[in-house]
Amino acid sequence: MLDDYVNRKHGKVKVVYDHPLLDSILKETFGVFVYQEQVMQATNMLAGYSLGGADVLRRAMGKKKPEEMEQQRETFIKGCHDKNKIPRPKANQIFDTLAKFAGYGFNKSHSAAYAIVAYQTAWLKANYPVEYMAALLSNELANTDKIQLFINECKRMGIEVQAPDVNESGVRFTVGDGKIRFGLAAIKNVGEVAVQNVIAVRKATGRFASFEDFCTRVDLRIVNRKVLECLAKCGAFDSLGEPRAQVFAAIEYQMSRAATVQRDRERGQAALFDVEPVNARQKVTGQHPAVEWAQSEMLAFEKELLGFYVTGHPLSEYAEILKRYELASSGKLAQLQDGQVTRIGGIISKLVPKTTKQGKPMAIMTLEDLDGAVEVLVFPESYARFAPSLKPDAAIFLSGMINLRDDKPKIVADQIIPLADVPKKFTKAVHIRISAGTTEDSTLARVQEVLRAHKGEVPVLLCFIYPDGKLVFLEAHEHFSVAPTQRFVRDVEAVLGDESVWLKIDTEKLAATNEIRRSRPWEQRGAPAAVAS
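Observations regarding the pattern of salt bridges
Phase 1 of the analysis: What the rule picks out here adds up to 19 salt bridges.
Phase 2 of the analysis: Between arginine 88 and glutamate 74 there is a salt bridge, and its shortest N-O distance comes to 2.8 Å. Within this pair, whereas arginine 88 is found in helix α6 (residues 88–102), its partner glutamate 74 is found in helix α5 (residues 66–84), the two being separated by 14 residues in sequence.
Phase 3 of the analysis: In this structure arginine 88 comes out as partly exposed when scored by relative accessible area, which is 47%.
Phase 4 of the analysis: On the accessibility criterion, glutamate 74 (37% relative accessible area) is partly exposed.
Phase 5 of the analysis: Glutamate 368 serves as the salt-bridge partner of lysine 303, at 2.9 Å between the closest nitrogen and oxygen. One end of the pair, lysine 303, is in helix α16 (residues 295–306); the other, glutamate 368, is in strand β5 (residues 361–368), and 65 residues separate them in sequence.

Written out as structure tokens, the structure is:
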């Protein structure tokens, strides 16, 4: 109906009315029902309803109760016949049009107000995109899911969102040099009261020089242990020059020391240690143990507390796999056609188990890749086959059909496998390129060692390249078949140089994974309303 309205407005489609009496009611909206008042006027003029009765009909249509709808249908059809001699088929058709609209329409005053707000915000986003997105993010400080959604939109728009920093961030999201700085109050489990204390201290006495300095100056009754842990885990102290793990490990000691310093300060006593070099006591007492967090652990903390990754992305190690084997990324799905089959890889950032009205398990999940995120529907048949692979934070590769019927693209999954298994499952052969004129026996021996270290089932072909451009292929013995992992590729390239490995993709097997049922899952009987919980 939206497209019909736009096309009629621009003269691409002829304006038609289901009945001449609707002309005066629908003329301003080009023959399309837009406002709830139009529904009430139509039922009043066509079927003789009172305005009170017309409102009862409108509400019944909005609730979509079959028994009540059928009762109202008969009343409407009878009224159309008695008042305007409208034939039953035509009256039935008009009732269906009204029912289709009534569940979605607004009254005219709400429509006008929403239109103004939509216009204003669209203008702000177009003309002040960084400021607009910062305001949008600040409006959802406590909603991590919305924060993640808007940060993905910033990525799409090319707007950099900088990590939180105790010396740079405000309470909310702020703008500087065309970038957005993450607001401290948007960090999970860090309250606005604690953040206000941090910023007040920073404004009053200057930037923080170290974690010790921070703990000594803020009010630790407000900026408590939980707040310090969250600030450390998400990297808000990174600019102070100490690794996150060491800051986290020093929290207990620094809180104890700062409490003593603050008590002495309140009593008016000067501590002897105040004249020491900043880290003197730490060195004496052996604080700041040499601990480190793995990259994966740091990323997990960032995602948990911020809703996005700052220092990297779990998919980075799979970047080459995605480049070779996937057909689209989340950012390109809108460019595809409705019903088109595609392949995409990513991390399951959100997994919501559901149950259909028939009692069968299914799932709705959010798949996040390097470009953004997409919602994936896993209907019962696919869920039964692939449930073991569906876990939060799992890296997966799926094939499925695009659904463009809503505002944002969705994918209906048909095949799902772990992302790490993609090369093994979809590689037909491994070609190793070797310069025949300069290769020494020791080099070939090292290649042989790499092949033995990565035993698998994919055959290897050696491609000898001669100075005159001649190519000679030699198929290696099946004992040298390999598992074509990223580590294997890196190990071979360490011996022979970049671009010395080429993976021949099994396009037939990939095509086989895309033999999705012709009947689209979301169009099957009962599918749109199938989710019960």
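Regarding the packing of helix α7 (residues 108–127) against helix α8 (residues 129–138)
Phase 1 of the analysis: Packing of α7 against α8 leaves a shortest axis separation of 5 Å and a crossing angle of 125 degrees. The angle between α7 and α8 places the two elements in the oblique class. Residues Thr121, Leu124, Lys125, Ala126 and Asn127 of α7 form the contact with α8, whose participating residues are Pro129, Tyr132 and Met133.
Phase 2 of the analysis: Of the residues that constitute the contact of α7 with α8, the class distribution is 5 nonpolar, 2 polar and 1 charged.

Some details on the confidence of the model for the protein chain
Phase 1 of the analysis: Summarising the model, the protein chain shows a mean pLDDT of 85, and 89% of its residues fall at 70 or more.
Phase 2 of the analysis: Counting interchain partners and residues more than four positions distant, the pLDDT-below-50 stretch residues 275–286 has 13 contacts.

Quick word on the sheet that holds strand β1 (residues 161–162)
Phase 1 of the analysis: One open sheet accounts for 3 strands, arranged β1-β3-β2; its pairing is mixed. A strand with exactly one partner marks an edge of an open sheet, and here the two such strands are β1 and β2 (174–176).
Phase 2 of the analysis: Relative to strand β3 (residues 179–181), β2 runs antiparallel, the two being bridged by 3 bridges. Among the inter-strand pairings, threonine 174 is bridged to a residue of β3, identified as arginine 181.
Phase 3 of the analysis: Across the face of the sheet, α8 comes into contact with β2 and β3 while running at roughly 20 degrees to β3.

Examining unusual backbone geometry
Phase 1 of the analysis: Here the phi dihedral of asparagine 189 falls at roughly 70 degrees; this positive angle occurs in a residue that is not glycine.
Phase 2 of the analysis: Tracing the backbone shows asparagine 189 in the loop between β3 and α10 (192–205).
Phase 3 of the analysis: One non-glycine residue, glutamate 499, adopts positive backbone phi at about 60 degrees.
Phase 4 of the analysis: Position of glutamate 499 relative to the elements: it lies in the loop between α21 (486–496) and β13 (501–505).
Phase 5 of the analysis: Relative accessible area serves as the criterion here: at 60%, glutamate 499 is assigned to the exposed category.

Topic: the environment of glycine 312
Phase 1 of the analysis: Mapped onto the fold, glycine 312 is located in the loop between α16 and α17 (319–325).
Phase 2 of the analysis: A sequence separation of 14 residues divides glycine 312 from methionine 298, and the C-alpha atoms of the two residues are 9.3 Å apart.
Phase 3 of the analysis: Once you skip the residues sitting within four places of it in the chain, glycine 312 turns out to touch Gln295 and Leu299.

A word on α16
Phase 1 of the analysis: Between the first and last C-alpha of α16 there are 16 Å, a value that for 12 residues agrees with the 16 Å anticipated at 1.5 Å per step.
Phase 2 of the analysis: When α16 is considered as a whole, its buried residues turn out to be Met298, Leu299, Phe301, Glu302, Lys303, Leu305 and Leu306.
Phase 3 of the analysis: Buried positions along α16 lie against α9 (144–157), α12 (225–234), α13 (244–249), β4 (341–355) and β5.
Phase 4 of the analysis: Where α16 ends, the next residue or the one after it, glycine 307, has phi of about 90 degrees, a positive value.

Brief notes about the pairing of strand β9 (residues 427–435)
Phase 1 of the analysis: Sheet topology places β9 next to β13; 5 bridges connect them, and they run antiparallel. The partner of alanine 429 across the bridge, within β13, is lysine 504.
Phase 2 of the analysis: Note: β9 against strand β11 (residues 460–465), 6 bridges, orientation parallel. Residue pairing across strands places isoleucine 434 opposite phenylalanine 464, the latter belonging to β11.

Structural notes on the sheet that holds β9
Phase 1 of the analysis: On the basis of which strands lie adjacent, the open sheet formed by 4 strands has the order β12-β11-β9-β13 and mixed pairing. Strands at the two margins of the open sheet, each flanked by one partner only, are β12 (471–475) and β13. Strand-to-strand twist in this sheet, taken as the mean axis angle between neighbours without regard to direction, amounts to 25 degrees.
Phase 2 of the analysis: Along the sheet, α21 makes contact with β9 and β13, crossing β9 at roughly 10 degrees.

Things to note about the side chain of glutamine 148
Phase 1 of the analysis: Relative to the helices and strands, glutamine 148 resides in helix α9.
Phase 2 of the analysis: Other than its neighbours up to four places away in sequence, glutamine 148 contacts Lys303, Gly307, Ser349 and Glu368.

Here's the deal with the pairing of strand β7 (residues 395–403)
Phase 1 of the analysis: In terms of burial, β7 is largely enclosed, as 9 of its 9 residues are buried.
Phase 2 of the analysis: Sheet analysis places β4 next to β7, joined by 7 bridges and oriented antiparallel. In the strand pairing of β7, valine 341 is matched with methionine 401.
Phase 3 of the analysis: The sheet contact formed by β7 and strand β8 (residues 410–418) spans 8 bridges and is antiparallel. Within β8, the residue paired with serine 399 across the bridge is glutamine 415.
Phase 4 of the analysis: Two successive antiparallel strands, β7 and β8, enclose a turn made up of 6 residues.

Rules used throughout
- Residues numbered from 1 in each chain as written.
- Predicted model: local features only at pLDDT ≥ 70, side-chain atom pairs only at ≥ 80, totals over all residues.
- Heavy atoms only, no water.
- Salt bridge = Lys/Arg side-chain N within 4 Å of Asp/Glu carboxyl O.
- Helix = DSSP H or I, 4+ residues; strand = E, 2+ residues; numbered from the N terminus.
- Buried < 20%, exposed > 50% of the residue type's maximum accessible area, 1.4 Å probe, protein only.
- Axes fitted to C-alpha atoms, helices over the stretch in contact; angles between N-to-C directions.
- Parallel < 35°, antiparallel > 145°, perpendicular 65-115°, else oblique.
- Contact = heavy atoms within 4.5 Å.
- Nonpolar A, V, L, I, M, F, W, Y, C, P; charged D, E, K, R; others polar.
- pLDDT = per-residue confidence, 0-100.
- Pairing = 2+ DSSP bridges.
- Expected span 1.5 Å × (residues − 1).

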